[in-house]
Amino acid sequence: MIYADGAVIEYDRETHQLNAVLPDGATTELVSDGGVTIIGDVIVTGNIKATGEVIDHTRSMKADRDIYNSHTHSGVKLDRYDCSSQSNAIKNYARHEP
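All figures in this text were calculated on a predicted structure; none of them were measured in a lab.

Moving on, we come to a nonpolar patch on the surface. A surface patch of nonpolar side chains, about 640 Å² in accessible area, is lined by Leu30, Val36, Ile38, Val42, Val44 and Ile48. The topology assignment puts Val36 in the loop between strand S2 (17-21) and helix H1 (61-70). Given the relative accessible area of 52%, Val36 is considered exposed.

Right under this line is the structure:
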């Protein structure tokens, strides 16, 4: 099906492929209060933004950040973090003890 603005929605019965191509600048919104299930690999060209958690089969990205942010290394002395300039931040972030 071809629309007046150039949008195309088509299904190829031989290849079992559904295509929806919208004109430049168009947006798509899918509203499904019960959720959406995708079976198969997903390829995204562009950024992904989420207002909720991003979770894989192990844990959420927030849980990974919490683990990462709380880890420490022995032999590292943390000085005051001075964000007034990038060079100060790099010099003052961590100094290894002898």
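Moving on from the model shown.
Before going further, it helps to spend a moment on the pairing of strand S1 (residues 8-12). Pairing between S1 and S2: five bridges, direction antiparallel. Bridge pairing in S2 links Glu10 to Asn19. The antiparallel hairpin formed by S1 and S2 contains four residues in its connecting segment, where His16 sits at a positive phi of about 55°.

With that settled, the discussion passes to the pattern of salt bridges. Per the stated rule, a full pass over the model turns up two salt bridges. Where Asp64 meets Arg59, a salt bridge forms, and the shortest distance between an N and an O atom there is 2.2 Å. Judged by relative accessible area, which is 34%, Asp64 ranks as partly exposed. Since its relative accessible area comes to 37%, Arg59 is described here as partly exposed. The partner of Lys62 in a salt bridge is Asp66, and the shortest N-O contact between them spans 2.8 Å. With Lys62 and Asp66 both in helix H1 and four residues apart, the pair spans about one turn of that helix. According to the relative accessible area criterion, Lys62 is partly exposed, its value standing at 39%. Residue classification places Asp66 among the partly exposed residues on the basis of a relative accessible area of 40%.

Here the chain averages 81 in pLDDT, while 77% of its residues score no lower than 70. For the chain, per-element mean pLDDT is lowest for strand S4 (residues 94-96), which scores 50, and highest for S1, which scores 96.

Position of Val21 among the secondary structure elements: in strand S2. C-alpha of Val21 to C-alpha of Val8: the two residues are 13 residues apart in sequence and 5.1 Å apart in space. Every residue in contact with Val21, bar those within four places of it in the chain, is listed here: Gly6, Ala7 and Val8.

Reading guide: rules and limits
- Residues numbered from 1 in each chain as written.
- Predicted model: local features only at pLDDT ≥ 70, side-chain atom pairs only at ≥ 80, totals over all residues.
- Heavy atoms only, no water.
- Patch = residues over 30% accessible without salt bridge, like charges linked within 9 Å, V, L, I, M, F, W, Y side chains within 5 Å.
- Areas by Shrake-Rupley, 256 points an atom, 1.4 Å probe, with all protein chains shown as cover.
- Salt bridge = Lys/Arg side-chain N within 4 Å of Asp/Glu carboxyl O.
- Helix = DSSP H or I, 4+ residues; strand = E, 2+ residues; numbered from the N terminus.
- Buried < 20%, exposed > 50% of the residue type's maximum accessible area, 1.4 Å probe, protein only.
- Pairing = 2+ DSSP bridges.
- pLDDT = per-residue confidence, 0-100.
- Contact = heavy atoms within 4.5 Å.

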